[in-house]
Structures are given as C-alpha cells and as structure tokens.
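Structural overview for review
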Amino acid sequence: MPFASSLKAYRDRLTRRSEAIPRTLERLTVALAIGWAGAFFLAACLRILASPRFAPIAEDWLGLLGLYGLIALAPLAGFLLGEACFPRDARLQPRGASLSQWGRWRKLKVGEARLHPLFGPAGFLASLLIGLLLNVGMRSFEFLVAIPALTSQAPNWGRELFVMMAASVGVMAFFYMIAFAFALHSITLFPRMLGFAWLLDILIQLLIAQRIGAMSDVPFAVAAPLADLLRGNITKVLISALIWLPYLILSERVNVTYRHRVQD
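Residues numbered from 1 in each chain as written. Predicted model: local features only at pLDDT ≥ 70, side-chain atom pairs only at ≥ 80, totals over all residues. Heavy atoms only, no water.

**Some points on the overall build of the protein**
- Helices and strands together make up the secondary structure of the protein, namely nine helices and two strands.
- The N-to-C order of helical and strand elements in the protein reads α-α-α-β-α-α-α-α-α-α-β.
- Split into buried and exposed, the 264 residues of the protein put 43% on the buried side.
- Within the protein, contacts between residues at least 6 apart in sequence are counted, and of these 83% link residues at least 24 apart. (Helix = DSSP H or I, 4+ residues; strand = E, 2+ residues; numbered from the N terminus. Buried < 20%, exposed > 50% of the residue type's maximum accessible area, 1.4 Å probe, protein only. Contact = heavy atoms within 4.5 Å.)

Next up, the structure:
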C-alpha cells in the first residue's frame, strides 16, 4: 500500500537521522558537561549572594560552594567514570543472565551483535539519551531555583535539609550520567544501571521525606512545599519508568544492543 510504504520510508529516514545523535553526543558531551558546570557554578554564586541570610564569611562561602560544586561536577564525573570503566574500543563487555526473559531469544556473539543493522543507540534510544541529559539539567536547575542557599546562620533544620537536597541532586546526576555513558557506548549494563538509578532516586526522595517528617521544628510553610517537591521528583521517576520500561524490555534494538540477542 502506498501509505504503508510512505510511512516506512519516513520511519527509516528518521532512524537514519537519529543515528547522528550518538556520534554528536560522543564528541560534545564532555564539552557540554564542562560548560554546564561553569554555568551552574556561576548561577550558584549569584544564588548565594541573593540569599537573605547570607553574610560574606569565608567558612560559609566554602561550605556553600563545595555543595554547589558537587552538583556542578557530578555529571562530568559520572560520564567520565562510565567511559573509563568500558573504553570505546573495548571488545569485551560484561555479560550475565538477563533480567528480562520476556519472549524467545537467540543469543548473539559480540561481533554478530555489532554487525546487526539494529545495533546502536538510534531511534527511540537516541530520544532516551537526550532525555537523560535533560533530566540531569532540569533537576539541578530546579534545586537552584527552589532551595535557597542556607549557611550556618540558618536554623539547624534548614541547613540539614539544604545539605540533603544538594547531596541527592549531585548523587543522582552522577548515576544518571553513568547510565548515559553506558547507553551511548552500547554497554550491556545500561538497562540495569538505569533501573538502579530509578530505584535509588525514589529511595533517596523517600528517605528525605521521612527525615522531614521526623523534624518537629520544621515550619509547615517550608515542609509543605518540600513535600510537594519530593512527590514531584518521585512522580517524574515513576512516569519515566512506566514510559521506558516496556520499550527497554521489548524493543528489538535494545535487545540487540544491550543483551546481544534477537527474537528466535
């Protein structure tokens, strides 16, 4: 049918275009991460100066800049570690029993998988790569806007919450970028790493929420928006998992690229 053939041609054209995205990201990710770190750090300095409780004390400057520096450099550190674990030219990849056993599959050797026409992070996988980058940037920016810079001059509960929220953003940026590096370089651990990052993200949000609930001196005007922020973070993780898990389990491209198998 003309419509079916036109649709197939359009889909093939989009796939070919998407194949350029991983190559571009391979060249630009380090530069983007460095640029992001500089821009975030500059914005953090402005955020510190705008804090109503900030006084120009060296100890407070160092404490705040250290936490903001953690968030700024975490994406770069995660990506570089992910690349260092499995260099681009490495032919051996970690193997093990697949956690996804849905369907009937035939195993491929590493060389066979790499020669398969569906091997590589193209198509919808390219969209997932971009989504991981955007998630890291949006979470960091959201923290910068929503959480004021609190120093030792702030109440103890405020300082503790600021440190916990900053640490959670930095830690998750680190692990999401490791998953990004695995996805970009077709490392078989990618689906498991992404699943681990999702579970860790939810766990961290729940632990922070539990800690907020245990603080009797946190004003309701602060606790309520923080609870909304944590719920929003969990909701975004769950939505991402619900959208991408079926694709990560059933997609033939994902199975060829990250599980080295094809449908039998």
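**Quick look at the nonpolar core**
- One finds Tyr68, Phe143, Tyr176, Phe190, Leu194 and Leu248 to be the most contacted residues of the largest nonpolar core, which totals 65 residues.
- If one sorts the elements of this core by residue count, helix 6 (residues 156-184) sits on top with 17 residues.
- By size, the runner-up hydrophobic cluster in this structure holds five residues, among which are Leu108, Ala113, Val256 and Val262. (Core = buried A, V, L, I, M, F, W, Y, C linked by side-chain atoms within 4.5 Å.)

**Details of the packing of aromatic side chains**
- For the structure shown, the criterion picks out eleven aromatic pairs.
- On the basis of an interplanar angle of 40° and a centroid distance of 5.6 Å, the ring pair of Trp36 and Phe40 is categorised as tilted. With Trp36 and Phe40 both in helix 2 (residues 20-49) and four residues apart, the pair spans about one turn of that helix.
- For Phe40, a relative accessible area of 2% translates into the label buried.
- Measuring from centroid to centroid gives 5.8 Å for Tyr68 and Phe162, while their planes differ by 70°, and the two rings are edge-to-face. Of the two residues, Tyr68 sits in helix 3 (residues 58-85) while Phe162 sits in helix 6, which places them 94 residues apart along the sequence. (Phe/Tyr/Trp six-rings, centres within 6.5 Å; stacked < 30°, edge-to-face > 60°.)

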